[in-house]
Amino acid sequence: MYVPPEWPAEVRPPSVPDWETSAVAWLLDAVPPDYRAYEVLRRHPVALAAMARHHVKSAVEAARAGDRAAAVDLKGHLPPHAIEAVLDTYREEGPRLVRLSRSIEVVERALRGDMFTATMRPEGRAHRPRPAPTGRDRTGPNRPDQP
């Protein structure tokens, strides 16, 4: 079974029996540890994935805001080399969080029953996985599978 490039290595492909167990374990690692206390999230992986998506999306936004404000917020409190190190941390963490967000999105789609298909694309064009047809014909400029 095809899985998109954003698919996390820690999660078994949806074609493998009981793959959801690995998805739940991986998703629980993406959210605050306190989420492990809620049995409903283990019983309903789609709910866990949705909560993880919202959590990581807010972390991406927080990292972007922190990156924009760090130099001003920390000036006078940290030496310039420490401020630069903080900015370097944001430069590493921001892209990692964005990649995590994309991985959560594809796992959530699989948990909701979407099947992925490989698509041909011109060289240099970004790849966005498309769900396999579900029987609903969606055409026009606002199709949900278009970038």
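Quick summary incoming for the structure in this document. (Residues numbered from 1 in each chain as written. Predicted model: local features only at pLDDT ≥ 70, side-chain atom pairs only at ≥ 80, totals over all residues. Heavy atoms only, no water.)

**Here we look at the pattern of salt bridges**
Put simply, the rule is: Should a side-chain nitrogen of Lys or Arg be within 4 Å of a carboxyl oxygen of Asp or Glu, the pair is scored as a salt bridge. Buried means the residue's accessible area, taken with a 1.4 Å probe over protein chains only, is under 20% of the maximum for its type, while exposed means over 50%, and partly exposed covers the values in between.
In the structure shown here, the tally under the stated rule is 7 salt bridges. Between Arg112 and Glu108 there is a salt bridge; the shortest N-O distance is 2.8 Å. With a relative accessible area of 52%, Arg112 lands in the exposed category. With a relative accessible area of 5%, Glu108 lands in the buried category.

**Points about helix α1 (residues 19-30)**
Since there are 3.6 residues in each turn of an α-helix, residues three or four apart along the chain are aligned in direction. Heads up, the rule is: A helix here means a DSSP run of H or I that spans at least four residues, while a strand means a run of E at least two residues long, and both kinds are numbered starting from the N terminus. For a helix, the expected span equals 1.5 Å multiplied by the number of residues minus one. Here a residue-residue contact requires only that any non-hydrogen atoms of the pair lie within 4.5 Å.
Given a rise of 1.5 Å per residue, 12 residues ought to cover 16 Å, and the 17 Å separating the end C-alpha atoms of α1 matches this to within 8%. By the burial criterion, the buried members of α1 are Trp19, Ser22, Ala23, Val24, Trp26, Leu27, Leu28 and Ala30. Looking at the buried positions of α1, the neighbouring elements they touch are α2 (39-43), α3 (45-74) and α4 (80-111).

**Comments concerning the packing of aromatic side chains**
Two aromatic rings, taken as a pair, are described by how far apart their centres are and by the angle between their planes. This is how the line gets drawn: Any two of the Phe, Tyr and Trp rings considered here, Trp counted by its six-membered ring, make a pair once their centres fall within 6.5 Å; the pair's planes then place it as stacked at under 30 degrees, edge-to-face at over 60, or tilted in between.
A complete count under the given rule lists 2 aromatic pairs for this structure. When the ring of Trp7 is compared with that of Trp19, the centres are 5.8 Å apart and the planes differ by 50°; the resulting orientation is tilted. Of this pair, Trp7 sits in the segment before α1 while Trp19 sits in helix α1, placing them 12 residues apart in sequence. On the basis of relative accessible area, Trp7 is assigned to the buried category, the value being 10%. Judged by its relative accessible area of 5%, Trp19 is buried. Considering the side-chain rings of Trp7 and Phe116, the 6.4 Å spacing of their centres and the 65° angle between planes classify their relative orientation as edge-to-face. Residue Trp7 is found in the segment before α1, and its partner Phe116 is found in strand β1 (residues 116-117); the two are separated by 109 residues along the sequence.

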